[in-house]
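# A structural walkthrough
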Amino acid sequence: ENPMLVKRLQYHLVQSGVPLYWFVDVPIDHEAFKAVQWLAAMGIIEPDPKSLRFRPNAFLSKKDVRTWLENTIAKLQIKSEAEEQLINRFAEKVVGDDALKFTRAQFAQLLANTIEASFIQRRSRNI
């Protein structure tokens, strides 16, 4: 089993509108559908075990930011000594007192776009 191949397949399925994970509040026509589906399939977004809801319009919490970024670092194997400090600073910037107020859907889209760009960079370096 090739994990990178699985991630690529999941990416292409989601881009084609195929749901890989069931969230009752993120239908196929939702603007964050592709991002939420892909992040959930990769194990970056952890679903609420009590419901099938993602709560896309809820404001992001520090816990969400921390969990999603830690999961991203772990899943993409990009560990560094400064990651804890980076996660804390990023979480504070995103959800701190003077922060921009992101919804969970907006941040999912931002994170998915960032991961997608990193995959494209990795592929272009390997060509």
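Residues numbered from 1 in each chain as written. Predicted model: local features only at pLDDT ≥ 70, side-chain atom pairs only at ≥ 80, totals over all residues. Heavy atoms only, no water.

Right, let's talk about helix H1 (residues 3–15) for a bit. Helix length check: H1, at 13 residues, gives a terminal C-alpha distance of 18 Å against a target of 18 Å (1.5 Å per residue), a fit within 8%. Listed as buried for H1 are Lys7, Gln10, Tyr11 and Val14. For H1, the angular spread of buried residues about the axis comes to 100 degrees, placing them on one side. Those residues of H1 that are exposed and angled more than 90 degrees off the buried face are Leu5 and Leu9. At the exit of H1 stands glycine 17, carrying a positive phi of roughly 90 degrees. (Helix = DSSP H or I, 4+ residues; strand = E, 2+ residues; numbered from the N terminus. Expected span 1.5 Å × (residues − 1). Buried < 20%, exposed > 50% of the residue type's maximum accessible area, 1.4 Å probe, protein only. Arc of directions from axis to C-beta.)

Our next topic: the side chain of arginine 104. Turning to its location among the elements, arginine 104 is positioned in helix H5 (residues 104–126). Among the residues examined, arginine 104 registers a relative accessible area of 5% and is labelled buried. Sequence-distant contacts of arginine 104, that is, excluding residues within four places in its chain, are made with Phe54, Arg55, Pro56, Ala58, Phe59, Leu60, Asp64 and Trp68. (Contact = heavy atoms within 4.5 Å.)

The predicted model of the protein chain averages 81 in pLDDT, with 74% of residues at 70 or higher. No element of the protein chain has a lower mean pLDDT than helix H4 (residues 83–95), which averages 64, and none a higher one than helix H2 (residues 33–41), which averages 94. (pLDDT = per-residue confidence, 0-100.)

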